[in-house]
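Here's the letter readout for the chains.
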Amino acid sequence: MKSLNPRFIFLLSLTLVSSSFGFYLPGLAPVSFCEKEDAKECQKDIQLFVNRLDSVESVLPYEYDAFDFCKDTDERRPSENLGQVLFGERIETSPYKFSFKADKACVKVCTKSYDAGSREDKLKLDFLKKGMELNYQHHWIVDNMPVTWCYIVEGNQKVCNPGFPIGCLVNQEGKPKDACVINADFNKKNTYYIFNHVDITIVYHSGDETNGMSPRLVAATLEPRSVKHSDEDSPSCEGTPMDIPAEFKSNLKVTYSYSVKFQQNDDIRWASRWDYILVSMPHTNIQWFSIMNSLVIVLFLSGMVAMIMLRTLHKDIARYNQMDQEEAQEESGWKQVHGDVFRPPRMGMLLSVFLGQGTQVFIMTFITLFLACLGFLSPANRGALMTCAVVLWVLLGTPAGYVSARLYKTFGGENWKTNVLLTAFLCPGIVFVDFFLMNLILWVEGSSAAVPFGTLVAILALWFGISVPLTFVGAYFGFKKPGIEPPVRTNQIPRQIPPQSFFTKPVPGIIMGGILPFGCIFIQLFFILNSIWSHQMYYMFGFLFLVFIILVITCSEATVLLCYFHLCAEDYHWWWRSFLTSGFTAVYLFVYAVHYFFSKLQIIGAASTILYFGYTLIMVLIFFIFTGTIGFFACFLFVNKIYSVLKVD
């Protein structure tokens, strides 16, 4: 096996990474704006949409309407795809409406009144204060762009966050928490400060008059402020912050307002208008370090495999084939277990089911990442990544059924009905039960992430109506085919396995096998977990696709190496071991997820903790099947290849 050319890898990675920048989703047409509306060419009104609110201190997101904010009198909800529903996105219109190039200062949106004697008002205010205490964040959208809050951090670095907080808290000791540190006026002990005013800046590209192109929006930023309006009917948006005491003893009024201004900037192209968000995320150097670290591991493993294949194996095979049978009997090592190496494994039914499901997951992951790398599943197309993955999984039931049935027949299995039923229902059933239990918790907590009952029925319809029949079709063709014939004959009496050293025993070998593949992905894993649990935007699909390829190579080479060492020790039980060796990477993934929970997140509450580990178990199970399948087929091809060149009577 030849090692990959480093120059080729560098050029490939450069190509993949470049696809993550300056590329907008094909098929998303730009919207043109003008001061006087033209139904055919452009539009005058700009609608601001609001999304769910989330927090890094809680796994539970909530709809905008769950808090007592200003609501749109003519509220509309855009149609949401499957991925958006599964991710808990709940987009709706807001009362913040603008006209293109019409600057406005301190416009009142609404006033919310809270009566100290009303139990309902007390509950509303308590929920709002709880949101400020847990640092829940608004997520607003203009022209399909996130409205970002940009601020300067240490080192004079500009950071743009696609969300801004509801408010903040100064605790009983007088210590400001979260966003309260930005203003010295936030200084009252045991007091909440709500951000009830926003200064919005919308940047537009003027277009090209020579080609008749109208202006387009290229950026939207805001700055949240807390303002106590002395006159709610004619607010001035100046003055002291809007403070809410921790103890609700007197009536309270909160007036929400906004200011908006438009700026022209012809340097920002519409196709690259998301770059101002991405540039503020200084992760590129870390990503390159991750890639180089992974490549070093791959080159090391490739060198080891090449040395074994080209030197050790080649000499062993040549010497073995030149000996007569009596001399061959005195040989030891992998050559002597040729009569047992293809003996069917124990629990072949379960192994074949895992491999069928693993094939389905592998193809789904490859196609999804490839499309994301090309830009078809960019952040601009909300929910597209999850929708694509689910649809592909449903449509790939046929290869799952075929692989499972063909391998089960190779193992000599006869209970084909049980095999096809387990392939169709075992792993998806475990995932669905876990997902349903997590959804029950979300329902009880009233979270926007709770999948509606109708969507659950639709998912079940996709599973039972499309995926299961396609699995049956694949199994039908798999069982019609003959089992895969081994290159050597299997002895009737099993050979006794000699005593093994510590490193060639099953458990130490399996534990060691997952270390190198995990070493290739742990940095990328940090960014993925950040995007899921810390609500950061993930856009580096070029890096992710490259790491995916490196993971496949590393799992394959590490499993082949350990498989060869075990065969040299005359231990021929390689079927399950090859699957578990690379599949053990999922255990390291789980350990890292536990470490991430306690070291990086500030999640509090039993419900959020259960949800975190419930969803993590789904991820670990899928990753276990995925990596185990890679290791098995790499070892399967390796074992078939080396024993096919032996001259055995």
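The sections below set out a description of the structure shown in this document. Residue numbers restart at each chain and count upward from 1, following the sequence in its written direction. In keeping with the model being predicted, local features are shown solely for residues with a pLDDT of at least 70 and side-chain atom pairs are shown and tallied solely at 80 or more, while totals for entire chains, interfaces and linings include all residues. Calculated side-chain values reflect all of the structure's heavy atoms, with hydrogen atoms and water omitted.

1. Describing the environment of S467
Applicable threshold: Each helix is a run of H or I in the DSSP string that is no shorter than four residues. Each strand is a run of E no shorter than two, and both are numbered from the N terminus. Whether two residues touch is decided by their heavy atoms; if any such pair falls within 4.5 Å, the residues are in contact.
The residue S467 is located in helix α11 (residues 453-480) in this model. With 74 residues separating them in the primary sequence, S467 and W393 have C-alpha atoms 7.8 Å apart. Beyond its immediate chain neighbours, meaning those up to four positions away, S467 contacts Q360, W393, V394, G397 and L462.

2. Details of the sheet that holds strand β1 (residues 45-50)
The test is simple: Strand pairing requires that DSSP identify at least two bridges connecting the strands.
The four strands are arranged β4-β1-β7-β8 in an open sheet whose pairing can be described as antiparallel. Both outer strands of the open sheet, β4 (92-99) and β8 (145-146), are each paired with one neighbouring strand and no more. Of the pairings in the sheet, the one linking β1 to β4 comprises five bridges and is antiparallel in character. Opposite D45, over in β4, you have S99 as the bridge partner.

3. Examining the state of the cysteines
Working definition of a disulfide: a covalent bond connecting the sulfur atoms of two cysteines. Threshold: Here, the term disulfide refers to a pair of cysteine sulfur atoms separated by no more than 2.5 Å. Buried means the residue's accessible area, taken with a 1.4 Å probe over protein chains only, is under 20% of the maximum for its type, while exposed means over 50%, and partly exposed covers the values in between.
One pass over the structure, following the stated rule, counts four disulfides. Two residues share a disulfide in this structure: C106 and C237, whose sulfurs sit 1.8 Å from each other. The S-S bond linking C106 to C237 shows a torsion near 90°; that makes this disulfide right-handed. Placement of the pair is C106 in strand β5 (residues 104-114) and C237 in the loop between β16 (216-225) and β17 (243-245), with a sequence separation of 131 residues. Residue classification places C237 among the buried positions, given a relative accessible area of 3%. Each sulfur of the disulfide joining C168 and C180 lies 2.0 Å from the other. Taking the torsion about the sulfur-sulfur bond, which here is approximately 85°, the covalent link between C168 and C180 counts as right-handed. Placement of the pair is C168 in strand β12 (residues 167-170) and C180 in the loop between β13 (176-177) and β14 (191-194), with a sequence separation of 12 residues. Like C180, C168 is buried.

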